[in-house]
Amino acid sequence: MKKFLILAVLCLLASASPVSAQLIIRNSGHAEIGTNPIVNDSDMVTTLKIFGDSILGSAGRITFGDSAYVYIGEKGTDNTNKLFLYGKKGVYMSIAQPDVPTTIAYYDADVDDNFNFNFDVTVPTMYMQSDERYKENIEPVGEVLSSIRNLEPVTYNLKSRKSDGTMRSAAKNGSERYGFLAQNVQEVFPELVHTDTNGYMAVDYIGLIPILVQSINELRVELAELKGEKQEDGTPVQSAEQAAQSELEASLGAAKLYQNAPNPWSSETVIRYCLPQSVAKADIYIYDMQGAQLKCIPAQGRGESQVTLTARDLKAGMYLYALVADGALVDSKQMILTK
């Protein structure tokens with residue numbers, strides 16, 4: 001009786017009208033799901049067809065659980081002829097190895113924002129988005145040579161990661177690789193290191209390229225200094241430190257310290273000075289004639305400015321006063337206090 005019922009169901013499905021059927025089994029043995037307005041049995045390769053209810057039978061999908069968020073099939077209602085593998089929170093690709101199932105690649109929104117590969121990836125060419133229009137807050141790379149000297153290149157054999165997150169020792173005949181330890185890179189260039197939710201670190205090796213180029217440029221400048229080379233305008237090639245010192249000297253060249261007035265003085269006197277806006281910190285120091293420092297007065301104004309000195313804590317005599325800006329002496333002068 002069971003065999004008869006099964007045979008009857010199969011015959012009924014096979015003879016069902018394409019207009020209203022949801023599952024069609026054709027005489028050729030092809031199985032079709034959905035309503036197909038075009039009958040085509042010439043494709044002898046296809047054994048299962050899934051038709052959607054849109055144009056040319058498009059938008060057909062295989063769904064899992066919540067059909068809006070996990071599916072394989074054509075996206076939207078247009079006939080795109082494109083296959084989508086869609087998971088709202090991520091996509092995994094796996095293979096089964098003899099001892100343990102292994103994930104080849106995955107994107108998991110609950111883990112991080114990266115698409116992760118657990119095997120080597122080989123491509124003919126790889127391009128990174130680098131158009132200026134993608135970027136903001138663009139600044140030149142500063143001096144890096146002293147920092148890059150702290151990187152320690154190593155050779156190593158790469159372990160493999162199991163599906164449970166633990167690591168498996170590398171094969172004895174595994175290929176030797178060259179690289180860096182992420183912990184070392186993190187100490188020197190922390191911006192180049194990413195740590196996942198399991199605490200494992202990854203290094204942005206592409207991000208190291210501009211740093212290496214900058215270090216080469218700095219070495220080129222140092223070599224040019226040793227060789228006595230000059231720039232196109234005839235001025236000597238300068239290192240970053242020399243350029244900074246030259247800029248400071250040029251800035252302080254505009255700084256001035258004026259003679260106090262009145263001088264001599266008995267109760268108070270005014271010390272005028274001029275400082276460029278580029279000066280970060282400046283002070284006026286008062287010394288006795290033996291060189292002992294008596295006072296330090298912050299020079300907070302920029303441009304033409306002044307400070308007032310009172311005789312309250314000073315004895316009658318001759319004194320020195322000096323203007324120091326960003327650690328460099330601008331000028332010093334003498335004054336006389338009478339009481």
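Residues numbered from 1 in each chain as written. Predicted model: local features only at pLDDT ≥ 70, side-chain atom pairs only at ≥ 80, totals over all residues. Heavy atoms only, no water.

## Focus: the pairing of strand 5 (residues 70-73)
Every second residue of strand 5 is oriented toward a common face, the buried set being Y71 and G73 and the non-buried set V70 and I72. Two strands pair when backbone bridges link them, and strand 4 (residues 61-63) and strand 5 are joined in this way by three bridges, in the antiparallel orientation. Its bridge partner lying in strand 5, T63 is registered against Y71. Between strand 4 and strand 5, which pair antiparallel and follow one another directly, the connecting turn spans six residues, one of which, G65, has a positive phi of 65°. Where strand 5 and strand 6 (residues 84-87) come together, four bridges link them in antiparallel fashion. Opposite Y71, over in strand 6, you have Y86 as the bridge partner. (Buried < 20%, exposed > 50% of the residue type's maximum accessible area, 1.4 Å probe, protein only. Helix = DSSP H or I, 4+ residues; strand = E, 2+ residues; numbered from the N terminus. Pairing = 2+ DSSP bridges.)

## A look at the confidence of the model for the protein chain
Of all residues in the protein chain, 74% have pLDDT values of 70 or greater, and the mean over the chain is 80. The weakest mean pLDDT in the protein chain belongs to helix 1 (residues 2-14) at 49; the strongest belongs to helix 3 (residues 182-188) at 96. A low-confidence stretch, residues 12-19 stays under pLDDT 50, and its non-local contacts, those more than four residues away or across chains, total eight contacts. (pLDDT = per-residue confidence, 0-100. Contact = heavy atoms within 4.5 Å.)

## With respect to a nonpolar patch on the surface
Together, L48, I50, I62, F64, Y69, V70, I72, L83, L85 and Y86 line one region of the surface with nonpolar side chains, adding up to about 880 Å² of accessible area. If you list the elements that add at least two residues to the nonpolar patch, you get strand 3 (48-50), strand 5 and strand 6. For L83, the position within the fold is in the loop between strand 5 and strand 6. (Patch = residues over 30% accessible without salt bridge, like charges linked within 9 Å, V, L, I, M, F, W, Y side chains within 5 Å. Areas by Shrake-Rupley, 256 points an atom, 1.4 Å probe, with all protein chains shown as cover. Salt bridge = Lys/Arg side-chain N within 4 Å of Asp/Glu carboxyl O.)

## Quick word on the sheet that holds strand 21 (residues 317-325)
On the basis of which strands lie adjacent, the open sheet formed by four strands has the order 19-18-21-22 and antiparallel pairing. At either end of the open sheet lies a strand with only one pairing partner, and these are strand 19 (293-298) and strand 22 (328-337). Recorded for the sheet is a direction-independent mean angle of 20° between the axes of neighbouring strands. Pairing analysis gives nine bridges linking strand 21 to strand 22, with the strands arranged antiparallel. What sits directly across from Y321, in strand 22, is K333. (Axes fitted to C-alpha atoms, helices over the stretch in contact; angles between N-to-C directions.)

## Some words on the pattern of salt bridges
Side-chain pairing between opposite charges can occur once the charged atoms of the two side chains come close. Throughout the structure, instances matching the rule amount to seven salt bridges. Between R177 and D120 there is a salt bridge; the shortest N-O distance is 3.1 Å. Remark: D120 occurs in the loop between strand 9 (115-117) and helix 2 (145-148) and R177 occurs in strand 13 (residues 177-179); sequence separation between them is 57 residues. You can call R177 partly exposed: its relative accessible area is 25%. D120 sits in the exposed class, given a relative accessible area of 58%.

## Let's talk about the sheet that holds strand 4
Strands sit in the order 4-5-6 across an open sheet of three strands; the sheet is antiparallel. Among the strands making up the open sheet, the edge pair consists of strand 4 and strand 6. Between one strand axis and the next, the sheet turns through 15° on average, direction left out of account.

## Notes on the nonpolar core
Core analysis: the largest hydrophobic core is formed by 22 residues, its most contacted members being Y273, L275, I284, I286 and L323. Elements that contribute at least two residues to this core include exactly strand 17 (268-275), strand 18 (282-288), strand 20 (303-310), strand 21 and strand 22. Here this core takes four residues from strand 21, the largest share from any one element. Non-local contacts of I286, meaning those with residues more than four positions away in its chain, are made with I271, A292, Q293, L294, K295, L309, Y319, L320, Y321 and M335. (Core = buried A, V, L, I, M, F, W, Y, C linked by side-chain atoms within 4.5 Å.)

## Considering the side chain of S58
Here S58 is to be found in the loop between strand 3 and strand 4. When sequence neighbours within four positions are dropped, the list of residues in contact with S58 reads G52, D53, E74, T77, D78 and N79.

## Quick look at the packing of aromatic side chains
Counted according to the given criterion, the structure contains five aromatic pairs. The interplanar angle of 20° and the centroid separation of 4.9 Å between the aromatic rings of Y71 and Y86 together place this pair among those described as stacked. Of this pair, Y71 sits in strand 5 while Y86 sits in strand 6, and the two are 15 residues apart along the sequence. Residue classification places Y71 among the buried residues on the basis of a relative accessible area of 4%. (Phe/Tyr/Trp six-rings, centres within 6.5 Å; stacked < 30°, edge-to-face > 60°.)

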